[in-house]
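Chain by chain, the residues:
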Amino acid sequence: MFKDEPGKQIKNAETIIGPSVKVEGDFVGDGNVIVEGIVVGNLKTKNHLTIGAEAKVNAEIEANSAYISGEVTGNLTVVGDVELTASARIKGDISASSIAIERGAQVNGRLNMNGAKKPELTEKHENKK
Amino acid sequence: MYLYIYDTFLSDKKYYSLLNKIENRLADLEIKGKVCRLNILKNMKEVVEDGIKQGVDTVVAVGNDLTFSKIVNIIAELNVTLGIIPVTKSKIAEILGVPEGEAACDTLAQRLIQKIDLGKISNQYFIDSATIDDTNVILSFDKFQISSIAKNALVTICNLGFLADNQSIYKERLSVPTDGLLEAVIAPIKATLFSKKIKQQSIFPFTKIKLDSKAEPVTVTIDQQAVFKTPLEVTVAPKKLKVVVGSKRLF
């Protein structure tokens, strides 16, 4: 469960934020997103989000599903499943349908397992506009 | 009707034999047309425009990647199909599935046509890529900005593909020249004593971005020929070019 996810690493990844890149602002993606670098602002994707062990994310996150190994400061709202590996460091609330946490992972925040529904995500998104 | 444009470097004697073979093969396949050999006095744009007035519907560029890039910019706005015959190793031909030399004539005769996207910077089209060899560049998307934190990095705006030798990007459909998107690729380069290694790349698909810089304007090179300075806007021109492709194309 917490091994590297080779199937999802590159396959169908549409956006890859590599270790040498800093993204600032409201990042919105439709496809799978892999983060290995720095993100500051908001991070939204309608698909799968992978945050690598070296990544530093200081953002409000919305995704369909997520696999997190890096450092996240901000709330995480996920429609489906969230997996946190041993190296994950989360400072913020997590809302998802199911959450898997490996021994060693740090979560400082509230966990909500009612799940985030897709329509709510959309409404929220539209209200912001 | 076909118009064959031979690039200037093909006037060298060493290409005579190959060009003869190509011409014979075109005659066998019954797709011979008007041949135009470029020289200092013959401008590619004038040749294409004259040809179209005479009823040419397919322009075939005979040469290398630079030839194909030059002609793309000329015919992008015209209603003609592009064919290519590479006489040397060509990245563009490899991606389009067109073999080198005489064998390209057979691909041309099959007339498998695809409409592909082009990139556009300040009214200049590009088929392959725009490169920026400066980490001071800032890529501004609609609502977010990207900058490189590596000391050495190559920033490339790609249409056809960013690594011709890494064909997995086509298999995984990370880069497709028919998807209506360009890709901004940031590749950090780690220079060692004997070689330069490219570390993990960042890839951002987009339809429109602005290029700017943190300090002095940076240089943007399009398809290894035209050079621009930032600030610039890069957009995609979806399905802009009709091109003859081979069955072994990578997309």
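None of these values were measured; they are calculated from a predicted model.

A.B. asks: Could you clarify how one ought to interpret the overall build of chain A in this entry?
C.D. replies: Looking only at helices and strands, one finds two helices and 15 strands in chain A. In the structure as shown, chain A presents an accessible area of about 6,500 Å², 46% of it carried by carbon and sulfur atoms.

A.B. asks: Please explain the nonpolar core as it appears in this structure.
C.D. replies: As a rule of thumb, nonpolar side chains are buried together in soluble globular proteins. Grouped together as the largest cluster of nonpolar side chains are 56 residues, with contacts concentrated most on Val35(A), Leu139(B), Ile157(B) and Phe204(B). With 53 residues, the next largest nonpolar core counts Tyr4(B), Tyr6(B), Tyr125(B) and Val176(B) among its residues.

A.B. asks: How do you make sense of helix α2 (residues 44–53) of chain B when you look at a structure like this?
C.D. replies: The α-helix advances 3.6 residues per turn, and as a result positions three or four apart in sequence lie on the same side. Residue and element names in this part refer to chain B. Buried residues of α2: Met44, Val47, Val48 and Gly51, and no others. Each buried residue of α2 lies within a common arc of 95° when the element is viewed along its axis, so the set occupies one face. Where α2 is buried, its residues meet β1 (2–6), β2 (34–37), β3 (58–63) and α3 (65–75). Among the residues of α2, the N-terminal cap falls to asparagine 43, whose side-chain oxygen and the backbone nitrogen of lysine 45 are separated by 2.7 Å.

A.B. asks: Before we go on, may I ask you to explain the environment of Asp65(B) in this structure?
C.D. replies: Residues and elements named next belong to chain B. Looking at where aspartate 65 falls in the secondary structure, it is placed in helix α3. Overall, aspartate 65 belongs to the partly exposed group, its relative accessible area being 22%. Those residues in contact with aspartate 65 that sit more than four places away from it in its chain are Ser90, Lys91, Ile92 and Ala93.

A.B. asks: Honestly, the interface of chain B and chain A in this entry has me stumped. Any pointers?
C.D. replies: A common way to report how large an interface is uses the accessible area buried once the components associate. Contacts between the two partners involve 18 residues from chain B and, on the opposite side, 22 residues from chain A. Contact with chain A buries surface across chain B, with Lys143(B), Ile149(B) and Gln200(B) losing the most and accounting together for 30% of the total. Applying the counting rule to chain B against chain A returns zero salt bridges. At the surface where chain B touches chain A, the tally comes to six residue pairs in polar contact (both at pLDDT 80 or more). Pairing of strand β2 (residues 21–29) of chain A with strand β9 (residues 144–148) of chain B, which is carried by five bridges, proceeds in the antiparallel orientation. Residue pairing in the sheet places Glu24(A) in a bridge with Gln145(B) of β9(B).

Conventions we followed
Residues numbered from 1 in each chain as written. Chains lettered and ligands numbered in written order. Predicted model: local features only at pLDDT ≥ 70, side-chain atom pairs only at ≥ 80, totals over all residues. Heavy atoms only, no water. Helix = DSSP H or I, 4+ residues; strand = E, 2+ residues; numbered from the N terminus. Areas by Shrake-Rupley, 256 points an atom, 1.4 Å probe, with all protein chains shown as cover. Core = buried A, V, L, I, M, F, W, Y, C linked by side-chain atoms within 4.5 Å. Buried < 20%, exposed > 50% of the residue type's maximum accessible area, 1.4 Å probe, protein only. Arc of directions from axis to C-beta. Contact = heavy atoms within 4.5 Å. Polar contact = N/O pair within 3.5 Å; in protein donor to acceptor, adjacent residues only side chain to side chain. Buried area = accessible area lost by both parts, 1.4 Å probe. Salt bridge = Lys/Arg side-chain N within 4 Å of Asp/Glu carboxyl O. Pairing = 2+ DSSP bridges.

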